[in-house]
Amino acid sequence: MIPRYTRPEMARIWSDENRFRTWLAVEVAATETLAAAGQVPKAAAKAIRERANFKVERIHAIEAEVRHDVIAFTTAVAEFVGPESRWFHYGLTSNDVVDTAQALLIRQASEVIEKDLQRLSDVLERRAWEFKDTPMVGRTHGVHAEPITFGFKIANWYSEAQRNIARFKAAAEDMRVGKFSGAVGIFAHLTPELEEKICARLGLKPAAVSSQVIQRDRHAAYLATLAVIASTLDKIATEIRHLQRTEVREAEEFFSEKQKGSSAMPHKRNPVNAEQISGLARVVRSNAQAGFENVALWHERDISHSSAERVILPDSTTLTNYLLNKTATLVDTLLVYPDRMRANLESTRGLIFSGQLLLDLVEHGVSREDAYRLVQSHAMRAWKEGLDFHELVLADEEITGKIPRKRIEHAFNLHRQLKNVDKIFSRVFAKKKPASKKKKKKQKPAGL
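The model shown is predicted, which means the values in this text are computed figures rather than measured ones. (Residues numbered from 1 in each chain as written. Predicted model: local features only at pLDDT ≥ 70, side-chain atom pairs only at ≥ 80, totals over all residues. Heavy atoms only, no water.)

Q: Would you explain the environment of asparagine 53 in this entry?
A: Looking at the element boundaries, asparagine 53 is found in the loop between helix H3 (42–51) and helix H4 (56–66). Along the sequence, asparagine 53 and phenylalanine 80 sit 27 residues apart, while their C-alpha atoms lie 6.0 Å from each other. Those residues within four positions of asparagine 53 in sequence are excluded, and the remaining contacts are Arg21, Leu24, Ala76, Val77 and Phe80. For asparagine 53, the side chain forms a polar contact with the side chain of arginine 21, separated by 2.9 Å. (Helix = DSSP H or I, 4+ residues; strand = E, 2+ residues; numbered from the N terminus. Contact = heavy atoms within 4.5 Å. Polar contact = N/O pair within 3.5 Å; in protein donor to acceptor, adjacent residues only side chain to side chain.)

Q: Help me out: how do you make sense of empty space enclosed by the protein in this one?
A: In total, this model carries one cavity of 30 Å³ or more according to the counting rule given. Element by element, the count of residues in the lining of the largest cavity is highest for helix H6 (residues 94–130), at three residues. A breakdown of the residues in the lining of the largest cavity according to their chemical character gives four nonpolar, two polar and two charged. (1 Å grid on protein atoms, 1.4 Å probe; cavity = no way out; pocket = protein on both sides within 12 Å on 5 of 7 lines; lining within 4 Å. Points joined across faces, edges and corners; volume = space filled by probe spheres on them. Nonpolar A, V, L, I, M, F, W, Y, C, P; charged D, E, K, R; others polar.)

Q: Even after reading the chapter, I still don't get unusual backbone geometry, so can you show me in this structure?
A: One non-glycine residue, arginine 67, lies in positive phi territory at about 60 degrees. Overall, arginine 67 belongs to the exposed group, its relative accessible area being 70%. (Buried < 20%, exposed > 50% of the residue type's maximum accessible area, 1.4 Å probe, protein only.)

Q: Please explain the nonpolar core as it appears in this structure.
A: The nonpolar side chains of a soluble globular protein tend to be buried, and buried together. One finds Phe150, Tyr222 and Phe389 to be the most contacted residues of the largest nonpolar core, which totals 85 residues. The leading source of residues in this core is H6, at 11 residues. Leave out the neighbours within four places in its chain, and phenylalanine 150 touches Phe131, Thr134, Met136, Leu243, Leu334, Val336 and Met341. Listed in part, the 38 residues of the second largest apolar core include Val26, Val40, Ile62 and Leu190. (Core = buried A, V, L, I, M, F, W, Y, C linked by side-chain atoms within 4.5 Å.)

Q: Please clarify how the layout of surface pockets should be interpreted in this entry.
A: Regions of empty space are outlined by a rolling probe, equal in size to a water molecule, passed over the atoms. One number sums up the size of the largest pocket: a volume of about 680 Å³. Around the largest pocket sit 26 residues that line it, and Arg19, Asp69, Val98, Ser306 and Arg310 are the ones nearest its centre. Where the lining of the largest pocket is concerned, the elements lending two or more residues are helix H2 (16–36), helix H5 (69–81), H6 and helix H11 (304–332).

So, in structure tokens, the structure goes:
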């Protein structure tokens with residue numbers, strides 16, 4: 001992974017040092033379990049526990065000769081252990097160690113990502129409540145539709161984040177498995193009972209059945225979940241990018257005092273963080289495809305998955321960690337312009353209330369077809385000629401003859417459109433309010 005996208009904690013997890021330390025932890029757990037079962041001398045297990053060590057540089061030097069990373073590892077460790085090293089890696093095949101250790105590494109990475117997901121969730125919750133009653137225009141197909149609030153938009157992101165948390169916990173738990181079933185998974189040298197005990201020492205569950213490797217549907221699901229998370233972050237970033245367009249300018253990412261947006265145009269304030277999120281999310285999604293390809297291996301194992309996983313597992317977890325923190329900061333420091341939202345909402349001069357007027361006409365006895373014709377004719381004229389839709393409606397005797405003026409005015413009432421925002425928030429946030437809001441009197445948007 002490129003260092004600029006790698007946060008320190010994730011860099012440590014996927015370092016060679018930590019990877020080999022995790023391999024060593026698996027080897028020691030296996031040796032001590034076998035010693036307790038009488039299959040390895042207790043003195044040998046004690047020597048291995050106390051003296052087993054390695055130097056990363058030495059492992060790499062041996063691997064350059066033998067072209068096998070696990071053999072290079074066991075050879076380097078044996079140099080520290082001495083004669084008792086003949087019991088090191090006893091009864092195991094390479095992937096008993098590699099796959100089991102990989103589960104431990106993914107568990108470490110998953111613990112970091114879970115914290116990142118919670119941080120993003122907390123930021124989204126706070127800002128959703130902050131702008132719960134801030135009206136803005138809703139858009140479909142990029143075109144003004146009906147009113148919403150900015151808090152409602154963020155609440156939608158928050159709700160999706162909760163689903164991502166649930167999905168990720170399930171995917172991470174599905175990866176919490178080890179295996180010690182041997183070269184083809186048939187337990188030719190150990191037993192299922194010993195596998196269960198070794199896994200228990202490591203805080204893992206044994207795979208119910210495996211070949212030489214843990215089956216890669218688990219890894220594919222995990223990578224796919226990371227891709228879904230990245231897609232949610234891309235969704236948030238893309239929306240912010242749209243809102244930051246000069247013609248819209250309802251929100252924009254924080255721009256520091258010394259920041260520069262363009263080498264040629266000093267006025268530029270570009271959504272560079274949001275664009276970076278969208279760009280890197282594509283990498284996480286593409287890695288998921290490689291994970292799907294890794295599911296189908298030849299017979300009981302080939303190594304076509306191995307080279308890909310050396311890239312996609314560290315990179316996807318590292319990028320997800322980076323993107324979650326980037327997005328949380330983006331939302332946390334987002335500059336929001338309620339006055340601009342209000343101005344854009346009102347810019348079409350009442351057109352956004354056409355749907356409500358249509359329904360009110362139907363309620364007063366007008367057929368839907370005639371009601372649609374009446375409303376659309378004024379809407380299209382207002383749009384084309386830049387006129388006030390509200391005034392055109394009030395001047396139409398065919399409409400005023402069907403609906404009392406008071407009812408027409410009610411059709412153009414913003415508060416009526418937003419009357420269920422509180423109920424939506426109650427469902428999304430399970431009727432809780434953030435502490436900062438509990439003692440404050442409810443504020444309604446200006447003009448409601």
